[in-house]
Amino acid sequence: MDVPRLQRQFIDFRASLFREGILDDQFIQLEKLSDDSNPGFVFEVISLFFDDSEMLLNNLAQALQQRPIVDFKKVANHAHQIKGSSASIGAQRVKNVCVAFRSYCNEENLDGCLRCLQQINHEYALVKNKLEMLLRLEQQILAAGGAIPPVD
């Protein structure tokens, strides 16, 4: 595939992530931190987000399975960590579900928490898939000898 077509595909796909509310302006700020001295910065941060999120989601699920009494403070803490991690890269929809999750924790509403866990898992899988696609497009552009289109 030629470089201009890959670049157009990258621009269109990236724009769709903002249109769909998957990413917010924090992702743009993250991209602006990448430069010639550290071109892999965004990739590194996103990879760390993936690793941390997998661990935090696992911890969250385990905390909700504690019976007979769920420690809602612990569950809320895990949800808060996921919210912070998501917010730091601009994963808007994951962050928004975490806000609702914390409300259910404050109410000690186990059913609400379990529904939010499913929703967080869904939104996390979606953002992970989309960001992996975006990173693959970047790699294809670079492998074809092109440059990544500049951030808005």
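Provided above is the structure to which this section pertains.
Numbering of residues starts from 1 in every chain and runs along the sequence as written. For this predicted model, a pLDDT threshold of at least 70 governs which residues receive local features, and a threshold of 80 or more governs which side-chain atom pairs are given and counted, while totals over whole chains, interfaces and linings are taken from all residues. Each side-chain value is worked out from all heavy atoms of the structure, with water and hydrogens disregarded.

A.B. asks: Explain the pattern of salt bridges to me, please; I cannot follow it from the model alone.
C.D. replies: For side chains of opposite charge, pairing can occur when their charged atoms come near one another. Salt bridge, as used here, is a side-chain nitrogen of Lys or Arg placed within 4 Å of a carboxyl oxygen of Asp or Glu. A complete count under the given rule lists six salt bridges for this structure. Taking the shortest distance from any N to any O, the salt bridge between Asp12 and Arg8 comes out at 3.0 Å. Here Asp12 pairs with Arg8, and both are found in helix H1 (residues 3-19), just four residues apart, close to one helical turn. Among the residues examined, Asp12 registers a relative accessible area of 40% and is labelled partly exposed. Judged by its relative accessible area of 46%, Arg8 falls in the partly exposed class. Going along the chain from the N terminus, every DSSP run of H or I of four or more residues is numbered as a helix, and every run of E of two or more is numbered as a strand. Three labels apply to residues, based on accessible area from a 1.4 Å probe with only protein chains included: buried if under 20% of the type maximum, exposed if over 50%, partly exposed otherwise in between.

A.B. asks: Help me out: how do you make sense of helix H6 (residues 110-143) in this one?
C.D. replies: Quick reminder: α-helices carry 3.6 residues per turn. Residues three or four places apart thus point the same way. Taking 1.5 Å of rise per residue, 34 residues should cover 50 Å, and H6 covers 48 Å from first to last C-alpha, within 8% of that figure. Residues adjacent in sequence count toward polar contacts only when both atoms are side-chain atoms; beyond that, a polar contact is any pair of N or O atoms within 3.5 Å, and within protein one must be able to donate a hydrogen and the other to accept it. Where H6 begins, the capping side chain belongs to Asn109, and its oxygen is found 3.2 Å from the backbone nitrogen of Asp111. Expected helix span is taken as 1.5 Å per residue step, with the number of steps being one fewer than the number of residues.

A.B. asks: So what exactly am I meant to see when it comes to the packing of aromatic side chains here?
C.D. replies: Working definition: rings of Phe, Tyr and Trp (its six-membered ring) pair if their centres are within 6.5 Å, and the pair is stacked with planes under 30 degrees apart, edge-to-face with planes over 60 apart, and tilted otherwise. Applying the stated criterion across every chain, the model contains four aromatic pairs. Seen in terms of ring centroids, Phe49 and Phe50 are 6.0 Å apart; in terms of plane orientation they differ by 50 degrees. Their pairing is tilted. Judged by its relative accessible area of 3%, Phe49 is buried. Summarising the aromatic geometry, the rings of Phe50 and Tyr124 are spaced 6.4 Å apart at their centres and angled 80 degrees between planes, so their arrangement reads as edge-to-face. Remark: Tyr124 occurs in helix H6 and Phe50 occurs in helix H3 (residues 41-64); sequence separation between them is 74 residues. The residues Phe50 and Tyr124 share a single accessibility class, namely buried. An aromatic cluster of three or more residues is present, and its members are Phe49, Phe50 and Tyr124. A cation over a ring is seen here: Arg115 above Tyr104, with NZ or CZ 5.8 Å from the ring centre. Either the NZ atom of lysine or the CZ atom of arginine qualifies as a charge over a ring when it sits within 6 Å of the ring centre and within 35 degrees of the ring normal.

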